[in-house]
Each structure stands twice: as C-alpha cells, then as structure tokens.
Amino acid sequence: MSAIKDLIKEIDNLKPIPAVVNQIMDAVEDSKSSMTDIAEIILYDPVITANILKMCNSAYYALPRRVDSVHDAVTMMGLNQVVDMVLMKSGASNLIKGQEGYGLHEGELWKHAVSSALIARDLAEKKGSEHKQMIFTAALLKDIGKVILDRFVGDSFTKIDDLVKKKGFSFKEAEKKVIGIDHAELGGLVAEMWDFSPKMISMIKNHHLNDEAARDDLETQILYVADNVCMMMGIGGGADGLAYRFHRDVLKRLGISPLDLQEIIASFGSEMKRVEELLKVI
Amino acid sequence: MKTIVGVSDMKVSNNKDEVLITYSLGSCIGVVIYDSQVKVGGMLHYMLPESQIDKEKAEKNPYMFADTGIPSLFKSAYGLGALKSRMKVVVVGGAQILDQKGFFNIGKRNHMALRKLFFKNGVIIDHEDVGGNVNRTIRIEIGTGDIYMKTSGKVEEKL
Ligand SMILES: [Fe+2]
C-alpha cells in the first residue's frame, strides 16, 4: 500500500531522539557499566544537565534542599530517577503537541505518556523486573505512532469510528483495517529507525498485545497494565477512548487481581496533583 | 469563572457566575447535582467503588470512592441550603475497556456502587449517560443549572 510508504516517510519528520539517550540506555542495560559511567555521559550534555536540575528542584520531588549538580542529583535521588528525567525530557518534544485526529489537546498525549511511565515503573519495581528503565522508556514512547498516524486517523475518522461503534472493532483494529497499519505497529517501526533494542521495539509494537507471543513477556505485560490503568483513569483520553481490548489472562499471568488493579488506581490517583507539577517543568 | 473538579475531587457552589467542570471521565464517574430553587450545585469525580480497599486513602480523600464521596457531595450541598427532594441528579462516566468483564470491570462496579447507594437513600437519577468505551467531560453552570456533556471526538450536548 502506498499510503503506508507515505506514513513511513513521515517518521523522518519526528524530532530524532538525541544520541545521548541511546548511549544512556545502552549503558543502563549493560551490566559492565557503572553508575559513574552513566553520570559521566549525562554530565557532558549541558542541556540535559540543566533540565535535570530544573526537574529535581520541582515540587514533584519535594527535596529537602536544592540540587545544583548532576552528582548531587544522583546521590539524592538515585541514578534510576535521574535517567528517567533524561528520558522524559527527550520524549516531550514529539509528544507534547495536540493530536487532532485522535481528539487530543496539547499536552494530553504527553500527560498519558508520563503517567503510564510512572505507573509502569512502579509496577516493574513490585514485580521485580530487571528492565525498569526499558519499561519506563517504552511506556513513555509507546504511542509515538499516534503522532504520525494522527492526520490519517483524522482524514478517515468516520470510517474508523463506524467500525468501532457498529462492528465491534477495537480502535487499533479499525486503524489497521482502514489505514493499513495501526499506531502500535507504526510505533515499532519508529523504534526500529531510532535504533532501539529489539526488546524495546517489541514492547512498543506490542503495547496493545498485537502478537500472541508477546503476552508471555513480563515487561510487555507491565507496559500493557499501565496503559490500561491510564485508560480507565481517563488520563489523556481521546476519541479512541477505551476502545482497546482487555486481556484478563495477561493480568492473571502477571498476578494482578481485580483488587490489585483498584489499588494501583488508588495509589496513582493520589499522585495526580504531584504529577501535574512534574509536567509543568519537563 | 471556571472551576475544575479534578480526579478524586468535589466542589459545591452557590456562586451564580461559577461553572464547575470535570474532564475526561474514563471508568470514573461524575455526579452532578443541582437545586434550582436555591441555585446550589455540586460535582463529584470519583475513581473507585468502595473505600474499604484503602481506608487510609479514603480518610485523606473521601472523593476517591463512591461510598465516601457521594454522601460528602450531598452533605456539602445541603450545607448551602439545597434539599434532596428538589435535587436534579445527573450521572455520567463509568466507561469500560472492550471485553473488560466481571470484577475487573471497574466502570461498571463504580456505577453499581452508586446505584446501590441511591436506592438505599431514595435518590432518583434524572439523567444518566454511563458505560460504553468513551471518555466524557461534564460541566454545570451554577447560575442557570444548565448541564453540558462532551464525549471526546463529538460536539458538546446539553443534557
Ligand atoms: Fe496505544
């Protein structure tokens, strides 16, 4: 389909993820690199350093004293949190704009991205995943495909919406049927072009569980649950709404009961006001 | 003047120039009440059905749950002179993800909790737009009591 070729060409219009982000992610995944190695990479980027300090000193973290160096930030908050900040900052440029096709105002897709990343990181902690940073990043960028697909969804919205409302399609299934590709699949292609690791590519591609096999992957399960929690809470909810499939078996495999699900919602719900503060400084 | 009712939040008002609005209800439920005689209105945006899952959070923020938030909403409106017998009651939200069944269906459980409470207390719902897979936004003009709902991707409608 030529439409898909056009779509793929548009990936080049996204703001590229800075090379430093890939370097940091590689270092985090590489067991041989130390905390100082990673702090060093950050240190050499003045823009990222400045942004980290701004975020550290925001009301979200409510630290007892001012942070004024990367070293300080790492000591006070831990390396993981600092890396999260780098990732958030680098994701913002592409995700902050409104996406009219999806009925999302400026900042809504971004709010969804950050919220699901925070929920996913929490869950990753609880479930003892080895890939916390990767989960955070994948959650943050999982809907990047929407940024490209937006115009196409807008153009064929009535067709897509009809399939969802009248034929029982999920929004993603309707995207695929009408446009030829869905936002998750397209996100996977973006991740590929950005040289992300195969695991990360798979997580983004499978955040709505496109491939049956991905349902066995712990990290993908966590990503999936975080996305569902955001949908239920209406965080950054657009015209696609909650029209995605709920796979109860995946929650079961992850060991999430209905009560656990409510608890996740309750605890993130109490964080919402703080998260708004964080969004102001990214 | 526009006042935003956040997630797990509640506001009542008798200020004729005030508009109460709550955005993007997914599985959460928005309850709007209005007594036209005294021009008192209120809005609640709760997330979960029962406070027993976390008593501590419920104490800190009763608006998070149906069983603590709804009584609180009504009591606050009574405090401004509203009466239950004159109250208009509108309920929206409680959406669900496709195939989200049984105990996992939080939108539905949110709705059931409300119905149970209303039934026990003889509260009649005047208008209800609940369920489905859509996000809803609702607002009320305190001066007129007019209530508007917007489903994302659609134009706003007056209820
Ligand atoms: Fe998605």
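Our structure is the block above this text.
The present account deals with the structure reproduced in this document. (Residues numbered from 1 in each chain as written. Chains lettered and ligands numbered in written order. Predicted model: local features only at pLDDT ≥ 70, side-chain atom pairs only at ≥ 80, totals over all residues. Heavy atoms only, no water.)

Some words on the overall build of chain A
In step 1: The secondary structure content of chain A amounts to 16 helices and zero strands.
In step 2: A compact globule built from 282 residues should have a C-alpha radius of gyration of about 19 Å, and chain A, at 18 Å, falls within 12% of that.
In step 3: Along the first, second and third principal axes, the C-alpha set of chain A runs to 55 × 45 × 35 Å.
In step 4: In chain A, buried positions account for 59% of the 282 residues.
In step 5: The contacts of chain A with a sequence gap of at least 6 include a subset with a gap of at least 24, amounting to 67%.
In step 6: Distance from the positive charge centre (34 side chains) to the negative charge centre (42 side chains) of chain A: 5 Å. (Helix = DSSP H or I, 4+ residues; strand = E, 2+ residues; numbered from the N terminus. Rg over C-alpha atoms; globule rule 2.2 N^0.38 Å. Buried < 20%, exposed > 50% of the residue type's maximum accessible area, 1.4 Å probe, protein only. Contact = heavy atoms within 4.5 Å. Lys, Arg positive; Asp, Glu negative; His and termini not counted. Charge placed at Lys NZ, Arg CZ, Asp CG, Glu CD.)

What about a negative patch on the surface?
Residues and elements named next belong to chain A.
In step 1: Taken together, the side chains of D26, E29, D30, D37 and E40 make up a negatively charged region of the molecular surface.
In step 2: Of all the elements in the fold, those that place two or more residues in the negative patch are α2 (19-29) and α3 (35-43).
In step 3: One can find D26 in helix α2.
In step 4: Judged by its relative accessible area of 56%, D26 is exposed. (Patch = residues over 30% accessible without salt bridge, like charges linked within 9 Å, V, L, I, M, F, W, Y side chains within 5 Å. Areas by Shrake-Rupley, 256 points an atom, 1.4 Å probe, with all protein chains shown as cover. Salt bridge = Lys/Arg side-chain N within 4 Å of Asp/Glu carboxyl O.)

Re the pattern of salt bridges
Pairing of side chains with opposite charge becomes possible as their charged atoms draw close.
Residues and elements named next belong to chain A.
In step 1: Overall, the coordinates contain 31 salt bridges over all chains when judged by the stated rule.
In step 2: We note a salt bridge from D72 to R65, for which the minimum N-O separation is 3.4 Å.
In step 3: Between E212 and R215 there is a salt bridge, with its nearest N and O atoms 3.2 Å apart.
In step 4: R215 gets classed as buried once you look at its relative accessible area, which sits at 12%.
In step 5: Several salt bridges converge on common partners, so that one network encompasses D84, R121 and E125.

Re the coordination of the iron ion
Residues and elements named next belong to chain A.
In step 1: Looking at the iron ion, the protein donor atoms are D143 (OD), H183 (NE2), H207 (NE2) and H208 (NE2), and they sit 2.2 Å from it.
In step 2: Seen from the iron ion, its four donor atoms lie at angles of 85 to 172°, and the figure they make is irregular.
In step 3: In the primary sequence, the donor residues of the iron ion line up as D-x39-H-x23-H-H. Here H208 lies in the loop between α13 (198-205) and α14 (218-233) and H183 lies in helix α12 (residues 183-193), a separation of 25 residues in the sequence.
In step 4: For H183, a relative accessible area of 0% translates into the label buried. (Donors = N, O, S within 2.8 Å, 3.2 Å for Na, K, Ca; no water. Tetrahedral: all angles 85-135°; square planar, octahedral: opposite > 155°, others 65-115°.)

As for the state of the cysteines
In step 1: Scanning all chains against the criterion turns up zero disulfides over all chains.
In step 2: Unpaired in terms of disulfides, C28(B) finds its nearest cysteine sulfur in C230(A), a separation of 11 Å. (Disulfide = S-S within 2.5 Å.)

Some remarks on the packing of aromatic side chains
Residues and elements named next belong to chain A.
In step 1: For the coordinates displayed, the defined rule picks out eight aromatic pairs over all chains.
In step 2: Where F171 meets Y244, the ring centres are 6.5 Å apart and the plane angle is 50°; that geometry is what we call tilted. In this pair, F171 is assigned in helix α11 (residues 171-179) and Y244 in the loop between α14 and α15 (248-254), connecting sequence segments 73 residues apart. Y244 carries the same exposure label as F171, and that label is buried. (Phe/Tyr/Trp six-rings, centres within 6.5 Å; stacked < 30°, edge-to-face > 60°.)

Some thoughts on α12(A)
Residues and elements named next belong to chain A.
In step 1: Regarding α12, the residues found buried are H183, A184, L186, G187, G188, V190 and A191.
In step 2: For α12, the N-terminal capping position is held by D182, with its side-chain oxygen 2.9 Å away from the main-chain nitrogen of A184.
In step 3: Looking one or two places after α12, you find D195, whose phi comes out positive at around 65°. (Polar contact = N/O pair within 3.5 Å; in protein donor to acceptor, adjacent residues only side chain to side chain.)

A closer look at the sheet that holds strand β3 (residues 19-25) of chain B
Strand pairing within a sheet occurs via backbone hydrogen bonds; the two strands may be parallel or antiparallel.
Residues and elements named next belong to chain B.
In step 1: If you trace the five strands from one edge of the open sheet to the other, you get β1-β3-β8-β9-β10, paired in mixed fashion. Looking along the sheet, the strands with just one partner apiece sit at the ends: β1 (2-4) and β10 (157-158).
In step 2: Note: strand β8 (residues 136-141) against strand β9 (residues 147-151), five bridges, orientation antiparallel. When the bridges of β9 are listed, I138 appears paired with M149. (Pairing = 2+ DSSP bridges.)

Regarding the interface of chain B and chain A
In step 1: At the junction of the two partners, chain B supplies 28 residues and chain A supplies 34 residues.
In step 2: Sorting the residues of chain B by area buried against chain A places I97(B), L98(B) and F104(B) first, and these three jointly supply 27% of that buried surface.
In step 3: Linking chain B with chain A are two salt bridges.
In step 4: Close ionic contact of D161(A) with K154(B) constitutes a salt bridge, the shortest N to O distance being 3.7 Å.
In step 5: Summed over the shared surface of chain B and chain A, the number is nine residue pairs in polar contact (both at pLDDT 80 or more).
In step 6: Looking at the side of chain B that touches chain A residue by residue, the class counts come to 14 nonpolar, ten polar and four charged. (Buried area = accessible area lost by both parts, 1.4 Å probe. Nonpolar A, V, L, I, M, F, W, Y, C, P; charged D, E, K, R; others polar.)

Keep in mind these numbers describe shape, not what the thing actually does.
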